[in-house]
Amino acid sequence: MDNHSIYLDSVFHALADPTRRAVVQRLVEGPAPVKELAAPFKMALPSFMKHISVLEQAGLIASQKQGRVRTCTLKPDQLEAAEKWFGDQRAIWASRFDNLDNLLTTLKGETNET
Amino acid sequence: MKPDLRFDFIADMQKSTLTVRREFAAGRQLVWDCYTKAELLDKWYAPKPLTTKTQSMDFRDGGHWHFAMIDPEGTYYWSRTDYQTITPIEGYTAYDGFTDETGVVNPDMPRSHIRQAFTDLDGRTMVEMLVSYNSPEDLQKVIDMGMETGLASTLERLDELLVFLAGESV
């Protein structure tokens, strides 16, 4: 549980960067080697590895080295928490607005507003 | 929701903002009243099955709305909206925060900034709300609190996640 909280602190920081978001989006499709992940970006490998490191520290991805190939895998737990929150917020507002629709209908009946 | 009433819910993870747009089948003055009068807010603001109870309302620049949402077990969740600037019937800006029963803002919980805009839409009214947090860390804290209250989840569809990451409607 403790580790979980530590990870969560930096998830949004990790995702605030377009390169890192692109890496996560790619990994949603499945694991990929670092070399393939780095290919779309015009940056030196050490710079790219810093992004990988931030994502790993945020608990968003894991990487494993086999021979000379380092492969990255998505760890969806942290994203799920964020997605769940946004989903909850959407449901809360949808329910509120339904209430307001009903109230407006009642009020319009009372005041004959067109 | 009535099927012909527009509802947009857009999460922008990069800016730590939420944009919520909703159309209502009523005139702007009436919708404005529902957002700004305590006796009307009490009738709709809490999502079902919760109910709303206003403790105090002072709708003016620098004023506030102190209220609770009450769950079916009788637990009170206190909040306070602090109004910054109000332009009837066009919009207002405010800060939203969690409080205790006396209205003291919980210093451990980040407040969100709210910008509400009301516009005429051919006999209907469009309400747009922009919710922003100071930083990704603030937003994260709010989400962590949601986790602590026991809201666990499983990721069901990865395509939804892709849309979510792209900052589109979730």
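Computed from a predicted structure; not experimentally measured.

(A) Highlighting the overall build of chain A. What chain A contains, in helices and strands, is six helices and three strands. Mapped from its N terminus to its C terminus, chain A presents α and β elements in the order α-α-α-β-α-α-β-β-α. By sequence separation, contacts in chain A at least 24 residues apart represent 56% of the contacts at least 6 residues apart.

(B) Representation of the overall build of chain B. Counting its regular elements, chain B contains four helices and eight strands. Ordered by position from N to C terminus, the α and β elements of chain B give β-β-α-α-β-β-β-β-β-β-α-α. In chain B, buried positions account for 21% of the 170 residues. The long-range fraction of contacts in chain B, counting pairs at least 24 apart against all pairs at least 6 apart in sequence, stands at 37%.

(C) Broad picture of the pairing of strand β5 (residues 76-87) of chain B. Residue and element names in this part refer to chain B. Sheet topology places strand β4 (residues 64-70) next to β5; seven bridges connect them, and they run antiparallel. Among the inter-strand pairings, Ala68 is bridged to a residue of β5, identified as Trp78. Where β4 folds back on β5, the antiparallel hairpin that results is connected by five residues, among which Gly74 adopts a positive phi of roughly 90 degrees. Looking at chain direction, β5 and strand β6 (residues 91-98) are connected through eight bridges and run antiparallel. The residue of β6 that forms the bridge with Thr87 is Gly91.

(D) View of unusual backbone geometry. All names here are of chain B. Here the bond from Lys48 into Pro49 is cis, since omega is 5 degrees, no more than 30 degrees from zero. Unlike most non-glycine residues, Ser16 shows phi in positive territory, near 55 degrees. Position of Ser16 relative to the elements: it lies in the loop between β1 (7-12) and β2 (17-24). Phi is positive for Asp122, close to 55 degrees, though the residue is something other than glycine.

(E) Helix α3 (residues 18-28) of chain A, seen in detail. Residue and element names in this part refer to chain A. The set of residues buried in α3 consists of Arg20, Val23, Val24 and Leu27. Down the axis of α3, the smallest arc covering the buried residues is 95 degrees, so these residues share one side. Immediately downstream of α3, the backbone of Gly30 shows phi near 145 degrees, a positive value.

(F) Inspection of the packing of α3 of chain A against helix α5 (residues 45-57) of chain A at higher detail. Residues and elements named next belong to chain A. For the pair α3 and α5, interaxial distance at closest approach is 10 Å and the crossing angle is 70 degrees. Taken together, the axes of α3 and α5 lie roughly perpendicular to each other. The element α3 and its partner α5 pack so that their crossing is right-handed. Packed against α3, whose contacting residues are Thr19, Arg20, Val23 and Val24, the element α5 presents His51, Val54 and Leu55 at the interface. In terms of residue class, the contact of α3 with α5 is made up of four nonpolar, two polar and one charged.

(G) Just the sheet that holds strand β7 (residues 112-121) of chain B, in detail. All names here are of chain B. The eight strands lie next to each other as β1-β2-β8-β7-β6-β5-β4-β3, forming an open sheet whose pairing is antiparallel. Two strands lie at the open edges of the sheet, namely β1 and β3 (51-58), each paired on one side alone. Taken pair by pair, the neighbouring strands of this sheet meet at an average axis angle of 20 degrees, ignoring direction. Of the strand pairs in this sheet, β6 and β7 are connected by six bridges, and their pairing is antiparallel. Counted as the bridge partner of Ala94 is Ile114 from β7.

(H) Structural detail: the confidence of the model for chain A. Residues and elements named next belong to chain A. With 88% of its residues at a pLDDT of 70 or more, chain A shows a mean pLDDT of 85. The least confident element of chain A is helix α1 (residues 2-9), whose mean pLDDT is 43; the most confident is strand β1 (residues 32-33), at 97. Confidence drops under pLDDT 50 across residues 1-8; counting only partners more than four residues distant or on other chains, this segment forms eight contacts.

(I) How the structure looks around the nonpolar core. Counting 27 residues, the largest nonpolar core has Val11, Val24, Leu55 and Leu60 of chain A as its most contacted members. Residue assignment for this core shows that the elements contributing at least two residues are α2 (11-15), α3, α4 (34-38), α5, β3 (69-74) and α6 (77-111) of chain A together with β2 and α3 (136-148) of chain B. Counting residues in hydrophobic clusters, the runner-up holds 15 residues, among them Leu104 of chain A together with Trp32, Ala46 and Phe118 of chain B.

(J) How the structure looks around the confidence of the model for chain B. Residue and element names in this part refer to chain B. Averaged over every residue, the pLDDT of chain B is 84; the share at 70 or more is 84%. For the stretch residues 149-163, pLDDT sits under 50, and the model shows 17 contacts to residues farther than four places along the chain or on other chains. If you check the scores for this complex, the pTM reads 0.76 and the ipTM reads 0.83.

Cut-offs applied
Every chain's residues receive numbers from 1 upward, in the order its sequence appears when written. Chains carry letters and ligands carry numbers; both start at the beginning, A for chains and 1 for ligands, and go up in the order they are written. Only residues with pLDDT of at least 70 are given local features in this predicted model, and only at 80 or more are side-chain atom pairs given and counted; all residues enter the totals for whole chains, interfaces and linings. Working definition: helices are DSSP H or I runs of at least four residues, strands are E runs of at least two. Numbering for both runs from the N terminus. Contact between two residues is assigned whenever their backbone-derived C-beta positions fall within 7 Å. With C-beta atoms placed from the backbone, a residue counts as buried when 20 or more other C-beta atoms lie within 10 Å of its own, as exposed when 12 or fewer do, and as partly exposed for counts between those limits. Strands are labelled as partners when DSSP assigns at least two bridges between them. The arc in question is formed by the directions pointing from the helix axis toward the C-beta atoms. Helix axes are fitted to C-alpha atoms over the stretch in contact, other axes to C-alpha atoms as well, and angles between N-to-C directions run from 0 to 180 degrees. Working definition: roughly parallel below 35 degrees, roughly antiparallel above 145 degrees, roughly perpendicular at 65 to 115 degrees, and oblique for all remaining angles. For any helix crossing, the convention is left-handed if the near helix is rotated counterclockwise from the far helix by under a right angle, and right-handed if that rotation is clockwise. Under this grouping Gly is polar, as are all residues other than the nonpolar Ala, Val, Leu, Ile, Met, Phe, Trp, Tyr, Cys and Pro and the charged Asp, Glu, Lys and Arg. Every residue is assigned a pLDDT by the predictor, reflecting its confidence on a scale from 0 to 100. Nonpolar cores are built from buried Ala, Val, Leu, Ile, Met, Phe, Trp, Tyr and Cys residues. These are joined into a set through C-beta atoms within 7 Å.

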